[in-house]
Amino acid sequence: MDENEFIPKDGDLVLRDDQADYFAILDEARERWKRGARLRLIDSGRASVLELERLCLSGVEIFTSDKAGRTPADLIILNAAAQKSGGLIAHFHHGPLLPDSSGAALSLGALRDAARRGVCLYLSNKTETRRTEDLVVLAEETLLGRRRLGYYHHGAPTPALEELARRGAWIHVSADPETADSSTALLRDIAAKAVAAGAGLVIHLEQWVPASTIEDFWKAGAYLLFRTPPSDYRSPYRILEEKAARRPLDPRAYYLYSEFMR
């Protein structure tokens, strides 16, 4: 599969499935596909699997989650259709990673199977505690499906993230001014290990941290997303912002929008 298929192009459109009726969405998708662009659809569970499959064959990329009520079998069917048009199915899992014995439709085992089939998986520890061993397993299965796991880590970075980085996951963290000094060395190590594994560490800079610390992150290979007010030409941060812009982030590293720490 050509990796350039995943690079957003001029004319791409993000649309929720409740912003238009099904046939209007289908027509829009086909028109953009003719122009070499894509429609990226946020799935809330409104459309049937058959309707989504038809959209995937028309070049649509589906961004779904466990809140949309799709089963692992649904994800696999949609992913097979998306691959025919060079697209993808991205699934964000908000809930807990339950064992198969619980009877949950989206159990850990079911997500492993979906990942192995090529579904892009994203998780966060914002509302659920994540076990390192579960994340590592999902990262390994995602690699077998020729994808990369995306993980949004809230709170102070931990050494466990190094193990996830070694498995080729894209890891998102926020730089915290209060803990920047104590976590700099760890984040440098995580960034270096992620790069070596073919992925990366994405640092969301929502508050100012020392410019020297940001430079250290950059040298280690981290991707820097500045969410602070733009610096003027006299600021030491201006050079760092320009450097960050020259290191573009793979669009598969994040779920739909790069700006958010999900």
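The numbers attached to residues start from 1 for each chain and follow its sequence in the written order. Totals for whole chains, interfaces and linings use every residue, but because this is a predicted model, local features are given only for residues with pLDDT of at least 70 and side-chain atom pairs only at 80 or more, for both listing and counting. For the side-chain quantities, the full set of heavy atoms in the structure was used; hydrogens and water were omitted.

J.: Would you mind going over the overall build of the chain with me for this structure?
T.: Counting secondary structure elements, the chain contains nine helices and nine strands. Its C-alpha atoms give the chain principal-axis dimensions of roughly 55 × 45 × 30 Å. Remark: exposure states derive from per-residue accessible area (1.4 Å probe, protein chains only) relative to the maximum for the residue type, with buried under 20%, exposed over 50%, and partly exposed in between. For the chain, the proportion of its 262 residues judged to be buried stands at 51%. A separation threshold of at least 6 residues defines the contact pool for the chain, and within that pool the share at least 24 residues apart is 69%. Accessible area of the chain: about 12,200 Å², with a carbon and sulfur share of 51%. In this tally, Lys and Arg are treated as positive and Asp and Glu as negative; His is ignored, and so are the chain termini. Where a charge lies is defined by one atom per residue type: Lys uses NZ, Arg uses CZ, Asp uses CG and Glu uses CD. When the 35 basic and 38 acidic side-chain charges of the chain are each reduced to a single mean position, those positions are 3 Å apart. A helix here means a DSSP run of H or I that spans at least four residues, while a strand means a run of E at least two residues long, and both kinds are numbered starting from the N terminus. Note on definitions: a residue-residue contact is assigned when non-hydrogen atoms from the two residues lie within 4.5 Å. Working definition of accessibility: Shrake-Rupley area with a 1.4 Å probe, residue cover restricted to the visible protein chains.

J.: Could you clarify how one ought to interpret the sheet that holds strand β8 (residues 200-205) in this entry?
T.: Pairing between strands is defined by DSSP: at least two bridges between the two strands are required. With parallel pairing, nine strands are arranged side by side in an open sheet as β1-β2-β3-β4-β5-β6-β7-β8-β9. The sheet is open, and its two borders are formed by β1 (13-16) and β9 (223-226), each paired with just one other strand. Strand-to-strand twist of the sheet, defined as the mean angle between neighbouring strand axes without regard to direction, takes the value 20°. Both strand β4 (residues 89-93) and strand β5 (residues 120-124) contribute to a ladder of four bridges, which runs parallel. The partner of H93 across the bridge, within β5, is L123. Most of the contacts of helix α8 (residues 211-219) go to β9, to which it runs at about 140°, and overall it touches β8 and β9. All axes are obtained by fitting lines to C-alpha atoms, using only the stretch in contact for helices, and the reported angles, taken between N-to-C directions, cover 0 to 180 degrees.

J.: I keep staring at the packing of aromatic side chains and nothing clicks. Help me out?
T.: Geometrically, a pair of aromatic rings is defined through the distance of the ring centres and the angle of the planes. Aromatic pairs are defined between Phe, Tyr and Trp rings, using the six-membered ring for Trp, whenever the two ring centres lie within 6.5 Å; interplanar angles under 30 degrees are classed as stacked, those over 60 as edge-to-face, and all others as tilted. Tallying each qualifying case throughout the model produces eight aromatic pairs. Between Y22 and F23 the ring centres are 5.2 Å apart and the planes differ by 75°, which places this aromatic pair in the edge-to-face class. Look at F23 and you get exposed, because its relative accessible area is 54%. When the centroid spacing of 5.4 Å and the interplanar angle of 70° are considered together, the rings of F92 and Y255 count as edge-to-face. In this pair, F92 is assigned in strand β4 and Y255 in the segment after α9 (236-245), connecting sequence segments 163 residues apart. An aromatic cluster of three or more residues is present, and its members are F63, F92, Y122, Y152 and Y255.

J.: Please explain the state of the cysteines as it appears in this structure.
T.: Simply put, disulfide is the name for a covalent bond between the sulfur atoms of two cysteines. To count as a disulfide, a pair of cysteine sulfur atoms needs to be within 2.5 Å. Tallying each qualifying case throughout the model produces zero disulfides. Sulfur of C56: no disulfide; nearest cysteine sulfur belongs to C120 and is 12 Å away. Owing to a relative accessible area of 0%, C56 belongs among the buried residues under this scheme.

J.: Can you help me understand the packing of helix α1 (residues 22-34) against helix α2 (residues 49-57) in this one?
T.: The geometry of a pair of packed helices is captured by two quantities: the angle between their axes and the separation between those axes. Contact geometry for α1 and α2: axes closest at 9 Å, N-to-C directions at 15°. Taken as axis vectors, α1 and α2 run roughly parallel relative to one another. Our pair here, α1 against α2, has a crossing hand that is right-handed. Together, Y22, F23, I25, L26 and R30 of α1 and E51, R54 and L55 of α2 make up the contact between the two elements. Each residue gets one of three labels, nonpolar for Ala, Val, Leu, Ile, Met, Phe, Trp, Tyr, Cys and Pro, charged for Asp, Glu, Lys and Arg, and polar for the others, Gly among them. A class-by-class count of the residues in the contact of α1 with α2 yields five nonpolar, no polar and three charged. Oblique is the label for any angle not covered by the other classes, which are roughly parallel (under 35 degrees), roughly antiparallel (over 145) and roughly perpendicular (65 to 115). Left-handed describes a crossing whose near helix is turned anticlockwise from the far helix by less than a right angle; the clockwise case is right-handed.

J.: I would appreciate a short explanation of the nonpolar core in the present structure.
T.: Only buried Ala, Val, Leu, Ile, Met, Phe, Trp, Tyr and Cys residues count toward a nonpolar core, and they belong to the same one when joined by side-chain atoms within 4.5 Å. Counting 58 residues, the largest nonpolar core has L41, I171, I203 and L224 as its most contacted members. If one sorts the elements of this core by residue count, helix α7 (residues 180-196) sits on top with five residues. Those residues within four positions of L224 in sequence are excluded, and the remaining contacts are I203, L205, I214, F217, W218 and A244. F63, L88, A199 and L225 belong to the second largest nonpolar core, which has 18 residues in total.

J.: Just to check I follow, could you spell out the environment of Y254 for this structure?
T.: Its location among the elements puts Y254 in the segment after α9. C-alpha separation for the pair Y254 and I171, spaced 83 residues apart in sequence, amounts to 9.1 Å. Setting aside chain neighbours within four positions, we find Y254 in contact with Y122, Y152, H172 and L249.

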